[in-house]
Amino acid sequence: MFRYDVAIIGAGPAGLICARNAARRGLSVALVDSHDRPGVKLSMAGGGRGNFTNRTLTEKHYLTDDPSVVRAVLRAFPCEWTLDLLRTLRLPFEERDFGQIFGLRPAAFLADRLAVQCDEAGVDFHLGHAATSFTPPSSSPAFGRGDDGKFFSFFAGREKITARHLVLAAGSSAWPASGASDAMAKLAAAWGHDTLPFSPVLVPFVMLGDWPLAGLEGISLNVRAGIARGGETFWPDPAGIRSLLFTHRGVSGPAALVASCWWKQGDALVLDFLPELPVLELLDEKAHGKLMARNMLSRYMPARLAEALCPEDLARKKCAEMGKKDRLRLAEALHAFSCRPSGTEGLKKAEAAAGGVKLSGLSRRLESRKVPGLHFCGEIVNVTGLLGGYNIHWALASGALVASDITEKSR
Ligand SMILES: Cc1cc2nc3c(=O)[nH]c(=O)nc-3n(C[C@H](O)[C@H](O)[C@H](O)COP(=O)(O)OP(=O)(O)OC[C@H]3O[C@@H](n4cnc5c(N)ncnc54)[C@H](O)[C@@H]3O)c2cc1C
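Residues numbered from 1 in each chain as written. Predicted model: local features only at pLDDT ≥ 70, side-chain atom pairs only at ≥ 80, totals over all residues.

### With respect to the overall build of the protein
- Helices and strands together make up the secondary structure of the protein, namely 13 helices and 22 strands.
- Seen through its principal axes, the protein has C-alpha atoms that stretch 85 × 40 × 35 Å.
- A total of 411 residues make up the protein; the buried ones form 48% of that total.
- When contacts within the protein are restricted to residue pairs at least 6 apart in sequence, long-range pairs at least 24 apart make up 71% of them. (Helix = DSSP H or I, 4+ residues; strand = E, 2+ residues; numbered from the N terminus. Buried ≥ 20, exposed ≤ 12 C-beta atoms within 10 Å, placed from the backbone. Contact = placed C-beta atoms within 7 Å.)

Here it is as structure tokens:
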């Protein structure tokens, strides 16, 4: 049997930083993962380069049941904190559009460097076995059936591990090919926490085969994406304009992925294909007067898309000859194209999942209000970032916060 101050389930970014920091502060730490190497999902991030954080970090960039907790965590662990971490790990980075910070080495480098530092700090890795058969401390007010008054216990393979503090840093069930599952969120629910089922976000949309823009796969352009629900349209993306990619099955690209964070079955996706060029002004331009509407639009977007978007009866009309009603109809078709996705690609292709353990059941330092000594960090918590490095930032920041809390409580 192994006995520790802290056992952490999940060697993703949240678990790794939590383990490293707790061990550096003198605690004995077990880090358990069902994979035989740490940071498997992290290694896939940002197309392999890893978008680790963002210059613009606010609670508005997260879906959660308590934005005030997210705001407090981001204040304590701002973008510059993650950048300092990257510097100390000797992981060079660059800033791209929308304030996104990408690593200049494979994303796996971050996992590897953190794992080395864990090792140097004395963390015991238990890899290659899912943690199962959990028992809370019998002193826990909610239970009273654990085999040791002050210790959590569980198995990693055949090894029994006990620890005074348990950290669930097991991520969400998004992208199951990376080994993701909701088993630890279910454990949290069984131990009395309010949880929301994981639902796919940052995921491509699927359209019916006969939707009006079928056959445009490969085309990509900047759009503004909104959601129409119950007769109202809202444009939730704080960044406004991002690129959209037509795929064989529907649409993807940053604009679609971010819109998926708010989309619910039955909602329409609304796309403004000329977000910076009002069509009514383009129609008024003298140089466009003699052009057919379709040809004029092809100057500002791929011709095949212009053809598909332009109402058939207007396509061959010259701009100067179009009346007010036609102009408004054309503007509507370009600035508020509406389509109803049949669904999304689901958890299988989702970069993240909304839902998880609600903050309402946790302290502001992410300790359970139900089971003292139990902490949560990373994506298992009901805090989901938009596209742009927000999820890894949250995983790192919340993992560091939990390490501080446990260290202070262990003094
Ligand atoms: C393709 C892809 C690209 C992405 N790109 C980005 C990006 O560029 N920027 C960004 O911010 N976010 C990105 N994300 C999201 C980001 O990777 C996650 O939000 C982040 O890894 C979550 O960190 P975590 O530590 O909470 O959980 P994870 O990284 O998911 O780690 C959890 C670990 O827990 C382990 N585990 C689970 N249950 C058990 C158990 N019972 N026993 C033992 N081990 C268990 C799992 O094996 C896993 O290794 C991407 C995700 C995907 C899928």
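### Structural notes on the sheet that holds strand 3 (residues 51-54)
- On the basis of which strands lie adjacent, the open sheet formed by three strands has the order 3-6-5 and antiparallel pairing. A single partner strand is all that each edge strand has here, and the edge strands are strand 3 and strand 5 (93-95). Within the sheet, the average angular offset between the axes of one strand and its neighbour, ignoring direction, is 25°.
- Direction of pairing for strand 3 relative to strand 6 (residues 100-103): antiparallel, over a ladder of three bridges. Bridge pairing links asparagine 54 to glutamine 100 in strand 6.
- Here helix 4 (residues 79-88) sits on the sheet and contacts strand 3, strand 5 and strand 6; the angle it forms with strand 3, its principal contact strand, is near 145°. (Pairing = 2+ DSSP bridges. Axes fitted to C-alpha atoms, helices over the stretch in contact; angles between N-to-C directions.)

### Some details on the domain arrangement of the protein
- Structurally, the protein comprises domain 1 (2-201 + 350-410) and domain 2 (206-344).
- Averaged C-alpha coordinates put domain 1 and domain 2 at centres separated by 40 Å.
- Considering only residue class, the side of domain 1 that touches domain 2 consists of six nonpolar, one polar and two charged. (Domains from an automatic or database assignment. Nonpolar A, V, L, I, M, F, W, Y, C, P; charged D, E, K, R; others polar.)

### Comments concerning unusual backbone geometry
- You will see that arginine 90, though not glycine, has its phi angle at about 55°, which is positive.
- Within the fold, arginine 90 resides in the loop between helix 4 and strand 5.
- A positive phi is found at serine 133, a non-glycine position, where the angle reads about 50°.
- Following the sequence through the fold, serine 133 ends up in strand 8 (residues 131-135).
- For serine 133, a count of 9 C-beta atoms within 10 Å translates into the label exposed.

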